[in-house]
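Coordinate analysis (summary)
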Amino acid sequence: MTDTRTTVWIALVCACLVVMLSMGMRQSFGIFMPAVSADLGGSREVFALAIALQNLAWGLVQPGVGMLADRYGSRLVAGAGGALYALGLALTTLATTAVALNLSLGFLVGAGLSATTFVVVLGAVAKVVPDNRRGFAFGIVTAAGSFGMFAMVPISHGLLDGMGWQGAFLGLTGLGIILALLAIGFPAAGHRPAPLRSEQSMTQALRQAAEHRGYWLLNAGFFVCGFHVMFIATHLPAYLEDEGLSGRVAAIALALIGLFNILGSFVFGVLGDRIRKPRLLSSLYAARVVVIAAFLIVPLSPATALVFSALMGFLWLGTIPLTSGLVAQIFGPRYMTTLFGIVFLNHQIGSFIGAWMGGRVFDVTGSYDMVWLLAVGLGIAATVLHLPISDRRVNAPAPA
């Protein structure tokens, strides 16, 4: 490995700080739903649609952003994405209509997220960390994103209480600017993983992935992950308040998801270096099914809400180091950002459906019950889908 230890640690620390801020702010958006919805007409579907469009935009531009990062370097791409993220947050403070909210909090923030979250960041880390330590490094970075969620939810809640939702988003804009500056620690353009296994072209890598059955099963499984996390992150606070729990309990519930995911992300990342990743992914989704089903069956109280949040938090983003690590393990790190970007697109399609459907179903039926049951069914499907995935390294084709 040609990179010095200092280079590796700088990239790893900056990666942790970038995802901590980016994911932390993104995961706190759910607490703004009641206030923003009240100012923009009262319908929860308005805010839910903006968050859904944010996730859809994030997913749709992710493959292209991944290709740009593989070609021009993650430093440039993440820096530009951070600036776009900050711009979207700043313009959200001026939104007075649903269209303006969709453009700012929806499209601009979503595009910024595509360049400052796990696909680009883990791709940068993969290029400086050796193969046998990649799961550990991915687990550390994913855990940092979870810590950001734990830390940013109470910060955002405090800003909301003290400054109103517009003032709170202005405060988050400053953090977005810091996020953009941290990208300086990422590998520059021209950096290549070492040792380089082949001089495979991007077209060859895409063709190879398209012919791999396990790659498509990963795409399908990650769709389910997106549905789960965005439905819960967007609608859990409102659901708990609808059932008579306080806003403080709802905020603590979101924070607990972030807190326990710090442990879960690290544990699953480390286990991914020792146990077959497809088996771990299947077990993770099966555990989600059990936790969600128990949450629906057991009478709701502050205690059960917080226990549910803790258990879901442990399972929350453990999929990230396993899924991204599996892509790198099967196809190598050279075009991991591109290939994982495509997988992440399907995650974001699931996120769009989960966030939007929650608001739509609630507005029509006055209840989230149908969406909770759908989450259980999709979890069962994901449990089955990951079992037949082969994690063997494919042979890269010779250069054309």
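None of these values were measured; they are calculated from a predicted model.

**A closer look at the overall build of the protein chain**
- Looking only at helices and strands, one finds 15 helices and zero strands in the protein chain.
- What you see for the protein chain is a C-alpha radius of gyration of 20 Å, in line with the 21 Å of a compact globule of 400 residues.
- Dimensions along the principal axes, computed over C-alpha positions, put the protein chain at roughly 60 × 40 × 30 Å.
- When the 400 residues of the protein chain are sorted by exposure, 58% land in the buried category.
- Contacts in the protein chain between residues at least 24 apart in sequence constitute 86% of all its contacts with a sequence separation of at least 6.
- Of the roughly 14,600 Å² that the protein chain leaves accessible, carbon and sulfur atoms contribute 69%.
- Charge centroids of the protein chain, computed over 22 positive and 15 negative side chains, lie 14 Å from each other.

**Brief notes about the pattern of salt bridges**
- For the structure shown, the criterion picks out two salt bridges.
- A salt bridge links D70 to K127; the nearest nitrogen and oxygen atoms lie 3.0 Å apart. Taken together, the residues span a long stretch of sequence, with D70 in helix α3 (residues 44–72) and K127 in the loop between α6 (118–126) and α7 (134–182) at a distance of 57 residues.
- A residue is classified by how much of its surface remains accessible, and D70, at 2% relative accessible area, is buried.
- D391 is paired through a salt bridge with R276; the nearest N and O atoms lie 3.2 Å apart. Of this pair, D391 sits in the segment after α15 (369–385) while R276 sits in the loop between α10 (247–271) and α11 (277–297), and the two are 115 residues apart along the sequence.
- We classify R276 as partly exposed; its relative accessible area is 36%.

**Structural notes on the packing of aromatic side chains**
- A complete count under the given rule lists 20 aromatic pairs for this structure.
- Both rings, one in F136 and one in F266, keep their centres 5.8 Å apart while their planes meet at 75°; by these two values the pair is edge-to-face. Placement of the pair is F136 in helix α7 and F266 in helix α10, with a sequence separation of 130 residues.
- A relative accessible area of 30% places F266 in the partly exposed class.
- Relative to W372, the ring of F295 has its centre 5.4 Å away and its plane inclined at 65°; by these criteria the two rings are edge-to-face. Within this pair, whereas F295 is found in helix α11, its partner W372 is found in helix α15, the two being separated by 77 residues in sequence.

**Considering the packing of helix α4 (residues 74–92) against α7**
- Where α4 meets α7, the axes come as close as 8 Å, and the angle between the chain directions of the two elements is 170°. As summarised for this structure, α4 and α7 are arranged roughly antiparallel, according to the angle between their axes. Packed against α4, whose contacting residues are G79, G82, A83, Y85, A86, L89, A90 and T92, the element α7 presents W165, F169, L172, T173, G176, I177, L179 and A180 at the interface.
- In terms of residue class, the contact of α4 with α7 is built from eleven nonpolar, five polar and no charged.

**Overview of the environment of T97**
- Here T97 shows up in the loop between α4 and α5 (98–116).
- As a C-alpha pair, T97 and V46 span 51 residues in sequence and 9.3 Å in three-dimensional space.

**Considerations on the environment of L53**
- As for its placement among the helices and strands, L53 is situated in helix α3.
- Separated by 219 residues in sequence, L53 and G272 have C-alpha atoms that sit 32 Å apart.
- Excluding its chain neighbours within four sequence positions, the residues that come into contact with L53 are N102, G106 and F352.

**Considerations on the side chain of N261**
- With respect to the helices, strands and loops of the structure, N261 is situated in helix α10.
- Not counting chain neighbours up to four residues away, the residues in contact with N261 comprise S146, G313, F314, W316, L317 and G318.

**A closer look at the confidence of the model for the protein chain**
- Residues of the protein chain with pLDDT of at least 70 account for 95%, and the chain-wide mean is 87.
- The low-confidence segment residues 193–198, where pLDDT is below 50, has nine contacts with residues more than four positions distant or belonging to other chains.

**Details of α5**
- Between its terminal C-alpha atoms α5 stretches 25 Å, which fits the 27 Å expected from 19 residues at 1.5 Å a residue.
- Of all 19 residues in α5, 14 are buried; the element is thus mostly enclosed.

**A few points about a nonpolar patch on the surface**
- Residues L296, I297, V298 and L373 make up a contiguous nonpolar surface patch of about 380 Å² in total accessible area.
- By the element assignment, L373 lies in helix α15.
- Assessed through its relative accessible area of 58%, L373 is described here as exposed.

**A short note on the packing of α3 against α5**
- Their axes nearest at 7 Å, the elements α3 and α5 cross at an angle of 35°. Here the hand of the crossing between α3 and α5 comes out right-handed. Only A98, L101, N102, L105, G106, F107, V109, G110, A111, L113, S114 and A115 of α5 make contact with α3, whose side of the interface consists of V46, F47, L49, A50, I51, L53, Q54, A57, W58, V61, Q62 and V65.

**Structural notes on the environment of L271**
- In this structure, L271 sits in helix α10.
- In sequence terms L271 and L315 are 44 residues apart; their C-alpha atoms lie 13 Å from each other.

Basis of the calculations
Residues numbered from 1 in each chain as written. Predicted model: local features only at pLDDT ≥ 70, side-chain atom pairs only at ≥ 80, totals over all residues. Heavy atoms only, no water. Helix = DSSP H or I, 4+ residues; strand = E, 2+ residues; numbered from the N terminus. Rg over C-alpha atoms; globule rule 2.2 N^0.38 Å. Buried < 20%, exposed > 50% of the residue type's maximum accessible area, 1.4 Å probe, protein only. Contact = heavy atoms within 4.5 Å. Areas by Shrake-Rupley, 256 points an atom, 1.4 Å probe, with all protein chains shown as cover. Lys, Arg positive; Asp, Glu negative; His and termini not counted. Charge placed at Lys NZ, Arg CZ, Asp CG, Glu CD. Salt bridge = Lys/Arg side-chain N within 4 Å of Asp/Glu carboxyl O. Phe/Tyr/Trp six-rings, centres within 6.5 Å; stacked < 30°, edge-to-face > 60°. Axes fitted to C-alpha atoms, helices over the stretch in contact; angles between N-to-C directions. Parallel < 35°, antiparallel > 145°, perpendicular 65-115°, else oblique. Nonpolar A, V, L, I, M, F, W, Y, C, P; charged D, E, K, R; others polar. pLDDT = per-residue confidence, 0-100. Expected span 1.5 Å × (residues − 1). Patch = residues over 30% accessible without salt bridge, like charges linked within 9 Å, V, L, I, M, F, W, Y side chains within 5 Å. Left-handed = near helix turned anticlockwise from the far one by under 90°.

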